[in-house]
Amino acid sequence: MSERQKTTTEARLPTELLLIVKEFIPLFDLRTHVCFYNTCRTTASFYGNNSEQAAFWRRVCALSGIGWLKADSSWKEIAFETIVKDGFCSHPHCGGTLLDWNATRVANAMRLYDWDPEEGAWDAAFDEHAVEWTREDRPVLVCSSIFRHIRFSDNALPPWYMAMTDPRLHTDADAPAPSQSWIAAHPVASRSFATFPTVRRMRFHYNNYTYGNKADSAMGVTVWDVLRSIQVDLDFELTIRELIDLVTGPFAEVFRDRPSSSLASDLQRFSTLRGLWSVGRWDGLHFVRSDGDGPVFRSTFSSLAAEEHERAQTASELPELHSQPMEVEYAEE
């Protein structure tokens, strides 16, 4: 927006009217608040000084299910980056759709468990081995819906290499234009709370598989925290016993009707978790139980139909699906 356009907007709309508009924007509507802030200098001034804005943007992000990543430093920066880069994403399960889904789950968790997301994770005040997780009134956690639309690259990475270009956000194989793009291009997805209510730590496993994963964050576990934790084990070599446990357990549905080419090629391809992930659809995390160490989840997988698998294999040749950033000029402080 040019300086002339800003001046015209300010001259034509009385301040009192703009204030009324702001008051009608729900606190959980992060996208509209960022857009309204950037309308002109007058609307930006409604959000107060730096300290008032810090409190406001933290509240709005929390009510929208948007969390804090370890590299973040400001709730206002989180809000603006998330919306400018991804608020109007064309992915059918990201952008405004995911923000609305998050806000609904936050509101439900607040009503059911007397939880205020602005105060942090539901278990923020718990000790390391908290008896609260064994109470009958403990939360039954709901996991983010975005997990079902995430896959990892087929290319192996060193275990120490944590890349935001490894997990991919994909559209369904039967979508009009199936596509995939790095999770790094989708801050709405990567910053979303992993669970509702959000928690400081969570564990998840693959049935009887030896390795379990643990994600933790003092500010509340996000989707990206979970993906980083999963990524750690993707490229470790499996033992025969572990592979049997996996293909007869969480991946049983994947291999039930899958033809085998040869034992040697199968053992080579499925020698790591990444190989197993490449032929299955992740159905996300499902709450199993909770104990003194916190909530426990299980990963489940379903079969990719032959045509889905073929399209998934060629997805890298398809146009990448990118977020559609807003073209805005930030209002001056």
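Residues numbered from 1 in each chain as written. Predicted model: local features only at pLDDT ≥ 70, side-chain atom pairs only at ≥ 80, totals over all residues. Heavy atoms only, no water.

Undergrad: Break down the sheet that holds strand β2 (residues 150-152) for me, citing the residues and quoting the values.
TA: Judged by pairing direction, the sheet is antiparallel, and its three strands sit side by side in the order β2-β3-β4 without closing on themselves. Both edges of this open sheet fall to β2 and β4 (180-182), since each of them pairs with a single strand only. Shown here is a sheet whose adjacent strand axes are inclined to one another by a mean of 40 degrees, direction ignored. With three bridges connecting them, strand β3 (residues 167-170) and β4 associate as antiparallel partners. Each bridged residue has a counterpart across the sheet, and for Leu169 the counterpart in β4 is Ser181. (Pairing = 2+ DSSP bridges. Helix = DSSP H or I, 4+ residues; strand = E, 2+ residues; numbered from the N terminus. Axes fitted to C-alpha atoms, helices over the stretch in contact; angles between N-to-C directions.)

Undergrad: I'd love a proper account of the confidence of the model for the protein, names of residues and values included.
TA: On average, the protein scores 80 in pLDDT, and the residues at 70 or more come to 77%. Low confidence marks residues 1-9, where pLDDT is under 50. Its contacts with residues over four positions away, or in another chain, come to 10 contacts. Long-range and interchain partners of residues 309-333, a stretch whose pLDDT sits below 50, account for 63 contacts in this model, where long-range means more than four residues apart. (pLDDT = per-residue confidence, 0-100. Contact = heavy atoms within 4.5 Å.)

Undergrad: Lay out the environment of Thr104 in plain terms, naming residues and giving numbers.
TA: Of note, Thr104 is situated in helix α7 (residues 95-113). Through-space distance from the C-alpha of Thr104 to that of Gly65 is 9.0 Å; in sequence the pair is 39 residues apart.

Undergrad: With reference to specific residues and values, describe the packing of aromatic side chains.
TA: Tallied over the entire structure, the rule returns 19 aromatic pairs. Geometrically, the ring pair formed by Trp57 and Phe80 is edge-to-face, given 5.2 Å between the ring centres and 85 degrees between the ring planes. Of the two residues, Trp57 sits in helix α5 (residues 50-63) while Phe80 sits in helix α6 (residues 75-86), which places them 23 residues apart along the sequence. Here Phe152 and Trp277 contribute two aromatic rings whose centre-to-centre distance is 5.1 Å and whose plane-to-plane angle is 85 degrees, an arrangement assigned as edge-to-face. Taken together, the residues span a long stretch of sequence, with Phe152 in strand β2 and Trp277 in helix α13 (residues 273-277) at a distance of 125 residues. This pair shows no difference in class: Phe152 is buried, exactly as Trp277 is. Taken together, Phe147, Phe152, Phe251, Trp277, Trp282 and Phe301 form an aromatic cluster joined through their ring pairs. The ring centre of Tyr47 lies 4.8 Å from the NZ or CZ of Lys22, which sits over that ring. In this arrangement the basic side chain of Arg31 is found over the ring face of Phe88, its NZ or CZ atom lying 4.5 Å from the centre. (Phe/Tyr/Trp six-rings, centres within 6.5 Å; stacked < 30°, edge-to-face > 60°. Buried < 20%, exposed > 50% of the residue type's maximum accessible area, 1.4 Å probe, protein only. Lys NZ or Arg CZ within 6 Å of the ring centre and 35° of its normal.)

Undergrad: Please set out the pattern of salt bridges residue by residue, giving values where relevant.
TA: Counted according to the given criterion, the structure contains 10 salt bridges. A salt bridge links Lys85 to Glu81, with the shortest nitrogen-to-oxygen separation between them at 3.4 Å. Placement of both Lys85 and Glu81 in helix α6 is noted, with a separation of four residues, approximately one turn of the helix. A salt bridge links Asp283 to Arg148, with the nearest nitrogen and oxygen atoms 3.9 Å apart. With Asp283 in strand β8 (residues 280-291) and Arg148 in the loop between β1 (142-143) and β2, the pair connects residues that are 135 residues apart, well separated along the chain. Judged by relative accessible area, which is 18%, Asp283 ranks as buried. Each member of the salt-bridge network shares a partner with another, and the members are Asp72, Glu81, Lys85 and Arg191. (Salt bridge = Lys/Arg side-chain N within 4 Å of Asp/Glu carboxyl O.)

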